[in-house]
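Each chain, written out:
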Amino acid sequence: MSEDKKQSTIGVLRESKRGVEKWLKAEERAVKYEYGIKGEVWSMYGGLVEHYDRGFQDLRVGLGIPSFRDYLLERKKSGRTTNVLDLMGGDASFLRDLKNPRSKDSPPSSVDAGLCVTLVDGREKYLKEMDKRLGIDVLSGDLTSNGTWRKIDEWQRNRGVETFDLIICRGGDGLDTVPEILYPHLFKRIWKRLSRNDGVFLTQLPIAVAERIDQLAQPLKSLPGTKSYIQPRIVYDPNNFYPSVGVIKALDAPEKLI
C-alpha cells in the first residue's frame, strides 16, 4: 500500500470513529436522560420477526427462505443447530420474538442461542430479566472495533457456539457509520463465524452504495468452486429501502474469503 493510500485509509477510519462516538453519545443520552425515549431508541432498527421478513422479502425468496422463523424451525427439525447473531440489532427484539412467540398459535422457539450486538444496551430491567430467561444475550460494541469481535468470540466460547447458522444485519441508518473500506474486512469476519452447514448471512447496505453493490459484494461473490451450490447465492432486493446482500454458505464452501 502506498503511503498516500495508507494515510487516506487512516483518515477514513478516524472519521468513522468520530461518527461512531457521536452516535454513541447521542444514544447514551437518549437512554439515560431524555424522557419518553428510553426503551424506544432503536425503533427504527431492531423489530419483530415480521419486520425482518418484510425488510428482506425479495432477498429471502431469492435464497429460498420462506421466513426466518420457518428457516430455523426446519433446521431444528432436521437436527441441526440454530444459533443466531443479530448485528446492529437494537434492543434484541428480533431474537426475543423468535424465542418468545407472541401468541399460542405461534410456532415454538427454534433458537438454540441468540446474541445481539448493539452500540448501546438500553433495555429496561424487565427486558433484561426476560432475555436472561430466554437465553438471549446483548453485547454493546462498535462493529468497526477489533475489541467487539473479540467479545463475540469470547461469548461463543462461553456458550459453546462454534458458528452461527443465521447472521443478520438490519442496521438502517447506523450502517452509515461503517466506512466502505472496511466491508471486505467485515465480510471476512462474518464469513469465518458463519456455519458451513447452509448458514445464512443477510445484510443491508447504505443507500449511498446501491450503484456499487456488485463491487462491494465482490468478496462474497468470487469464491472458488465448480458446483453452483458451492457458490454462495447472492440476491439483491430492489424493493427494499436499503440495498441488501444475502449468502448461503454450503458445506463445501471455502473456509476463507479471497
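Asks: It is not clear to me how the pattern of salt bridges should be interpreted in this structure. Could you clarify?
Replies: In a structure, side chains of opposite charge can pair up when their charged atoms sit close to one another. Scanning the model with the defined rule gives 12 salt bridges in all. Across the salt bridge formed by Asp198 and Arg80, the nearest N and O atoms sit 3.4 Å from each other. Of this pair, Asp198 sits in the loop between α8 (183–193) and β5 (199–204) while Arg80 sits in the loop between α4 (68–77) and β1 (83–87), and the two are 118 residues apart along the sequence. Since its relative accessible area comes to 27%, Arg80 is described here as partly exposed. Two residues, Asp153 and Arg193, come together in a salt bridge whose shortest N-O distance is 3.0 Å. With a gap of 40 residues between them, Asp153 in helix α7 (residues 146–159) and Arg193 in helix α8 connect regions that are remote in the sequence. On the accessibility criterion, Arg193 (5% relative accessible area) is buried. Taken together, the shared-partner salt bridges in this structure form one network comprising Arg96, Asp121, Arg123 and Asp131.

Asks: Just to check I follow, could you spell out the environment of His51 for this structure?
Replies: Relative to the assigned elements, His51 resides in helix α2 (residues 49–55). Of the residues examined, His51 reaches a relative accessible area of 26% and is grouped as partly exposed. The spacing of His51 and Phe94 is 43 residues in sequence and 8.5 Å in space, taken between C-alpha atoms. There is a polar contact of 2.9 Å between the side chain of His51 and the backbone nitrogen of Leu48.

Asks: What exactly am I supposed to notice about the confidence of the model for the protein chain here?
Replies: Should pLDDT be low for a region, the predicted coordinates there are not to be read in detail. Taken as a whole, the protein chain shows an average pLDDT of 79; of its residues, 72% reach a score of 70 or greater. For the protein chain, per-element mean pLDDT is lowest for helix α1 (residues 3–32), which scores 56, and highest for β1, which scores 97. Taken as a whole, residues 224–231 scores under 50 in pLDDT and shows 13 contacts with residues more than four places along the chain or in a different chain.

Asks: When you look at unusual backbone geometry in this model, what are you seeing that I'm missing?
Replies: Most peptide bonds take the trans form, and the phi angle of most residues other than glycine is negative. If you check the backbone angles, Met88 has positive phi at about 55 degrees while not being a glycine. For Met88, the location among the structural elements is in the loop between β1 and α5 (93–99). In this structure, Asp198 is a non-glycine residue whose phi angle is positive, near 60 degrees.

Asks: Any chance you could explain the sheet that holds β5 here in plain terms?
Replies: Hydrogen bonds along the backbone pair up the strands of a sheet, which may run parallel or antiparallel. With mixed pairing, six strands are arranged side by side in an open sheet as β3-β2-β1-β4-β5-β6. Because the sheet does not close on itself, it has two edges, and the strands there are β3 (136–140) and β6 (244–249). Neighbour-to-neighbour, the strand axes of the sheet open up by a mean angle of 10 degrees, direction not taken into account. The sheet contact formed by β5 and β6 spans six bridges and is antiparallel. Bridged to Gln204 within β6 is Ser244. The sheet strands contacting α7 are β1, β2 (113–118) and β3, and the helix crosses β2 at an angle near 165 degrees. The strands touched by α8 within the sheet are β1, β4 (166–169), β5 and β6, with β5 carrying the most contacts at an inclination of about 155 degrees.

Rules used in this analysis
- Residues numbered from 1 in each chain as written.
- Predicted model: local features only at pLDDT ≥ 70, side-chain atom pairs only at ≥ 80, totals over all residues.
- Heavy atoms only, no water.
- Salt bridge = Lys/Arg side-chain N within 4 Å of Asp/Glu carboxyl O.
- Helix = DSSP H or I, 4+ residues; strand = E, 2+ residues; numbered from the N terminus.
- Buried < 20%, exposed > 50% of the residue type's maximum accessible area, 1.4 Å probe, protein only.
- Polar contact = N/O pair within 3.5 Å; in protein donor to acceptor, adjacent residues only side chain to side chain.
- pLDDT = per-residue confidence, 0-100.
- Contact = heavy atoms within 4.5 Å.
- Pairing = 2+ DSSP bridges.
- Axes fitted to C-alpha atoms, helices over the stretch in contact; angles between N-to-C directions.

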